[in-house]
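If you want the building blocks of each chain, they are given just below.
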Amino acid sequence: MANGVAAVWVPVTDMSRAVAFYRDHLGLTVTSEDEDWSEIDGNGLLIGLNGRESASVSSEGGAVITFQPDGTIDDEVARLTEAGVEFTGGISDHEWGRIAPFKDSEGNDLQFYVPPTN
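Everything in this summary refers to the structure shown in the same document. (Residues numbered from 1 in each chain as written. Predicted model: local features only at pLDDT ≥ 70, side-chain atom pairs only at ≥ 80, totals over all residues. Heavy atoms only, no water.)

**As for the pairing of strand E1 (residues 7–12)**
In E1, alternate side chains face the same way, and those of Val-8, Val-10 and Val-12 are buried while those of Ala-7, Trp-9 and Pro-11 on the opposite face are not. With six bridges connecting them, E1 and strand E4 (residues 45–51) associate as parallel partners. Its bridge partner lying in E4, Ala-7 is registered against Leu-46. (Buried < 20%, exposed > 50% of the residue type's maximum accessible area, 1.4 Å probe, protein only. Helix = DSSP H or I, 4+ residues; strand = E, 2+ residues; numbered from the N terminus. Pairing = 2+ DSSP bridges.)

Next up, the structure:
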């Protein structure tokens with residue numbers, strides 16, 4: 001049985017660009033950085049940026065990292081859109097919460113999520 005999540009590894013093709021995205025756009029802390037492997041503190045969850053020689057952008061499914069916005073989801077979507085971040089859909093409302101899907105600098109799927117307010 002799994003005891004929890006130890007880390008999430010995200011493939012990147014340009015480490016400097018990816019580190020800058022997670023640090024500057026998402027405001028997360030970079031705890032280590034080199035050209036093949038960098039670590040980001042995702043509020044206690046290790047996000048490992050894994051540099052690979054043959055990484056390619058793919059939107060055919062796979063892992064999605066979901067973040068809690070700092071403030072309202074609407075404000076974070078507006079802020080990141082202004083910064084040039086690609087949102088792959090608008091904010092959608094569901095009985096289980098609100099999501100806003102977007103891409104990181106390397107084409108990986110991310111999203112903001114907030115639970116329902118009921």
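**Quick notes on the sheet that holds strand E7 (residues 97–103)**
As summarised here, the arrangement of the four strands in space is E5-E8-E7-E6, forming an open sheet in which the pairing is mixed. Taken across any chain shown, the strands that pair with only one partner, and hence form the sheet edges, are strand E5 (65–67) and strand E6 (92–94). Averaged over neighbouring strand pairs, the angle between their axes works out to 30° when direction is ignored. In this sheet, E7 lies alongside E6 in antiparallel orientation, the contact comprising three bridges. Looking across to E7, one finds that Asp-93 is bridged to Arg-98. (Axes fitted to C-alpha atoms, helices over the stretch in contact; angles between N-to-C directions.)

**What to know about unusual backbone geometry**
Even without glycine at this site, Asn-43 takes up a positive phi of about 60°. The class of Asn-43 is exposed, set by a relative accessible area of 70%.

**Observations concerning the environment of Trp-37**
By secondary structure assignment, the location of Trp-37 is in strand E3 (residues 37–42). When the C-alpha positions of Trp-37 and Val-10 are compared, they lie 9.9 Å apart, and in sequence the two are 27 residues distant. In contact with Trp-37, not counting residues within four places along its chain, are Trp-9, Met-15, Gly-48, Leu-49 and Asn-50. At a separation of 2.9 Å, a polar atom in the side chain of Trp-37 contacts the side chain of Glu-39. (Contact = heavy atoms within 4.5 Å. Polar contact = N/O pair within 3.5 Å; in protein donor to acceptor, adjacent residues only side chain to side chain.)

**Here's the deal with the pattern of salt bridges**
Where side chains of opposite charge bring their charged atoms close, a pairing between them can arise. As enumerated under the stated definition, the model contains six salt bridges in all. Residue Asp-24 pairs with Arg-23 through a salt bridge whose shortest N-O separation is 2.8 Å. On the accessibility criterion, Arg-23 (37% relative accessible area) is partly exposed. Of the charged contacts, one joins Asp-93 and Arg-98 as a salt bridge, the two residues approaching to 2.5 Å between their closest N and O atoms. Residues joined in a network through salt bridges with shared partners are Asp-74, Asp-93 and Arg-98. (Salt bridge = Lys/Arg side-chain N within 4 Å of Asp/Glu carboxyl O.)

**Some points on the sheet that holds E4**
Pairing is mixed across the open sheet formed by four strands, whose spatial order is E1-E4-E3-E2. Across the chains shown, the open sheet's two edge strands, defined by having one partner strand only, are E1 and strand E2 (29–33). Each strand of the sheet is rotated relative to its neighbour by a mean of 25°, with strand direction disregarded.

Just geometry here; none of it tells us what the structure is for.
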